[in-house]
Amino acid sequence: MKKSFNFALSLVVAGALSMGFASCDSSDDDKVDYNNKVYGQQAMNACEDVINQLDLAMNQIEKSNLTDAQKAELQQILENNVDNVIVPTYKNLADAAEKLQKSLGDLSANEITQENIDNACAAFKEARAWWEKSEAFLGGAASDFDIDPGIDSWPLNRDLLHSYFTTGEFSEEALDDQSILGFHALEFVLFRDGKNRTVAEFQSNDTYKGFTDVKGAEELKYAEAVAKELVISCYNLEVAWSETPNAARLKAVQDADRDYLTKKGKSFGWNMKNSGSTESTFDGLKDALSQVLNDDEGSAVAIADEVGSGKIGHPFQSGYIFYVESPYSYNSLTDFQNNIRSIENVWYGNTNGANGSAQVSLSQWFAKNDSKTGQAVEAAISSAISKIGAIPGPFVKYVSTIWNKSFEDDEVVEIPE
């Protein structure tokens, strides 16, 4: 989720603005109303409704004079959230990142096959799905150890990336903001115009604007290094939350000299399960529940706000086309929906949202104690997923059409607060 936009690219190119969507089928395009602003506005409104309903739900808990039985059930919900939402999500993320790395291996441009590339692209999308489904619980290891920026910084700083390809060295700026690492650096190497790149492309020079002096073989080497780092970061998240971490992954994290325990020496899973303990960083049950539901950072409300006002709002409402997430794979709308599904999973207490069957969950608790509030939350979540899916895709084309600016030519600037 981490955004890095405190830099200025010099990619403004004079001349007519090219829309640059060569891969789109014109006959399909004719059927899509890319100029209709209703879709974007409805999606933003739906995200705001999620925020409001989750805030109301937390307020209902905070103002309630909870019985011991209700407190016990809410404690079980926190425990279930760790065991059946957070830890399995991070394990699935690490598994998919491993598949991505193994698909690329250390193969040269002359050795790699289209099957290798296609497998890497499929694993990339699988890993992206689990990452986006984790963003409702970025509070904890992802934030405390600054793991998030190394995994998911965007917009990709193409100037710095090009500089790396031409010099073979990271600049201090690149290392500081991590904007050429993680998923979106890999996305640039693996995808163009929503399609998997080809072996032939890696055996010649890149054709992307500003990168025609870069050999595809060098991009492949870079992807290998970035993928290895991504895997360690995903291990880090899984190990940090698990009370019984995978031994091999724990050793990899320790060998990489990464932090993975709370400041009180506990796993983040134990920390949430034992809120109120002197060894937990949470003062009590309601403090931990607030972190899950509506803290300013790393909560369900925080990611709903990020999707509505940032991921959709900055490009759609404010015209910052450069800010589109996942523009090369055309995965933006899927990413946004999976962000809302991360909230859905937390609410329903499993990794399959409303289709799951958790034994304890916030959904069940509110059904028993305040069904009106619970139903409003669930309706808001469902609506947000639906409204985001209704935006004409790819998202980068939708916002480019509305603002008559191409992604490639839109200057990266600092977005005002």
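Residues numbered from 1 in each chain as written. Predicted model: local features only at pLDDT ≥ 70, side-chain atom pairs only at ≥ 80, totals over all residues. Heavy atoms only, no water.

## Re helix α9 (residues 182-190)
Every α-helical turn comprises 3.6 residues, leaving residues that sit three or four positions apart pointing alike.
Here is step 1: Summarising burial for α9: 9 of the 9 residues are buried, a large majority.
Here is step 2: Buried within α9 we find G182, F183, H184, A185, L186, E187, F188, V189 and L190. (Buried < 20%, exposed > 50% of the residue type's maximum accessible area, 1.4 Å probe, protein only. Helix = DSSP H or I, 4+ residues; strand = E, 2+ residues; numbered from the N terminus.)

## Notes on the packing of helix α4 (residues 114-132) against α9
Here is step 1: The interhelical angle for the contact between α4 and α9, taken along N-to-C directions, is 150°, at an axis separation of 11 Å. With respect to their mutual orientation, α4 and α9 come out roughly antiparallel. For the element pair α4 and α9, the recorded crossing hand is left-handed. Counting all contacts with α4, which are made through A120, C121, F124, A127, R128 and W131, the residues of α9 involved are F183, H184, L186, E187 and L190.
Here is step 2: Here the residues of the contact of α4 with α9 sort into 8 nonpolar, 1 polar and 2 charged. (Axes fitted to C-alpha atoms, helices over the stretch in contact; angles between N-to-C directions. Parallel < 35°, antiparallel > 145°, perpendicular 65-115°, else oblique. Left-handed = near helix turned anticlockwise from the far one by under 90°. Contact = heavy atoms within 4.5 Å. Nonpolar A, V, L, I, M, F, W, Y, C, P; charged D, E, K, R; others polar.)

## Quick word on the environment of A248
Here is step 1: Checked against the element boundaries, A248 lands in helix α12 (residues 247-255).
Here is step 2: Separated by 68 residues in sequence, A248 and I180 place their C-alpha atoms 28 Å apart.

## A short note on the pattern of salt bridges
Here is step 1: Evaluated as defined, the whole model comprises 27 salt bridges.
Here is step 2: With a closest N to O distance of 2.7 Å, E126 and K99 form a salt bridge. On the criterion of sequence distance, the pair formed by E126 in helix α4 and K99 in helix α3 (residues 68-104) is long-range, its members being 27 residues apart.
Here is step 3: One salt bridge in this structure joins R128 and E325, with 3.1 Å as the shortest N-O distance. With a gap of 197 residues between them, R128 in helix α4 and E325 in the loop between α15 (300-316) and α16 (332-348) connect regions that are remote in the sequence.
Here is step 4: Beyond isolated ion pairs, a larger network of salt bridges with shared partners links R128, E132, E135, D152, K311, E325 and D335. (Salt bridge = Lys/Arg side-chain N within 4 Å of Asp/Glu carboxyl O.)

## A closer look at the state of the cysteines
Here is step 1: According to the stated counting rule, one finds 0 disulfides in the structure shown.
Here is step 2: C121 forms no disulfide, and the closest cysteine sulfur to it belongs to C234, at a distance of 17 Å.
Here is step 3: C121 sits in the buried class, given a relative accessible area of 2%. (Disulfide = S-S within 2.5 Å.)

## A few points about the packing of α4 against α16
Here is step 1: Look at α4 against α16: their axes get within 7 Å of each other, and the N-to-C directions meet at 40°. Relative to α16, the element α4 lies oblique. Each of R128, A129 and E132 in α4 lies in contact with α16, whose residues at this interface are D335, N338, N339 and S342.
Here is step 2: Its residues assigned to classes, the contact of α4 with α16 shows 1 nonpolar, 3 polar and 3 charged.

## What about unusual backbone geometry?
Here is step 1: For the bond from W154 to P155, the omega torsion is 0°, close enough to zero to count as cis.
Here is step 2: Within the secondary structure, P155 sits in the loop between α6 (147-152) and α7 (158-167).
Here is step 3: With omega at 0°, the peptide bond leading from G393 into P394 counts as cis.
Here is step 4: Counting through the fold element by element, P394 comes out in the loop between α18 (371-389) and α19 (395-403).
Here is step 5: In this model, S326 sits at a positive phi of 60°, which is unusual for a non-glycine residue.

## Here we look at the packing of aromatic side chains
Here is step 1: Counted by the stated rule, this structure contains 22 aromatic pairs.
Here is step 2: Each ring, one from F188 and one from Y328, has its centre 5.2 Å from the other, and the planes form 85°; the classification is edge-to-face. In this pair, F188 sits in helix α9 while Y328 sits in the loop between α15 and α16, placing the two residues 140 residues apart along the sequence.
Here is step 3: An angle of 45° between the planes, with centres 5.9 Å apart, marks the rings of W241 and F268 as tilted. Remark: F268 occurs in helix α13 (residues 268-273) and W241 occurs in helix α11 (residues 216-241); sequence separation between them is 27 residues.
Here is step 4: Take W241: its relative accessible area is 3%, and that puts it in the buried class.
Here is step 5: Through successive ring pairs, a cluster of aromatic residues spans Y164, F165, F188, Y208, F211, Y222, Y328 and F407.
Here is step 6: One residue, R128, lies across the ring of F183, its end atom 5.0 Å from the ring centre. (Phe/Tyr/Trp six-rings, centres within 6.5 Å; stacked < 30°, edge-to-face > 60°. Lys NZ or Arg CZ within 6 Å of the ring centre and 35° of its normal.)

## Here we look at helix α17 (residues 362-369)
Here is step 1: Within the sequence span of α17, burial applies to L362, S363, W365 and F366. Seen from one end, α17 has its buried residues packed into an arc of 165°, which puts them on one side. Opposite the buried face of α17, at more than 90 degrees from it, the exposed residues are A367 and K368.
Here is step 2: Where α17 is buried, its residues meet α2 (38-63), α3, α14 (285-293), α16 and α18. (Arc of directions from axis to C-beta.)

## What to know about the nonpolar core
Here is step 1: Of all hydrophobic cores here, the largest spans 122 residues; its most connected members are I312, I343 and W347.
Here is step 2: The residues contacting I343, other than those within four sequence positions of it, are V50, L54, A136, A300, I303, A304 and I381.
Here is step 3: Grouped together as the second largest cluster of nonpolar side chains are 5 residues, W154, F322, Y323 and I415 included. (Core = buried A, V, L, I, M, F, W, Y, C linked by side-chain atoms within 4.5 Å.)

## Side note on the environment of Q75
Here is step 1: With respect to the helices and strands, Q75 occurs in helix α3.
Here is step 2: Leave out the neighbours within four places in its chain, and Q75 touches M272, K273, N274, S275 and L285.

Interpretation in functional terms is not warranted from these geometric data alone.
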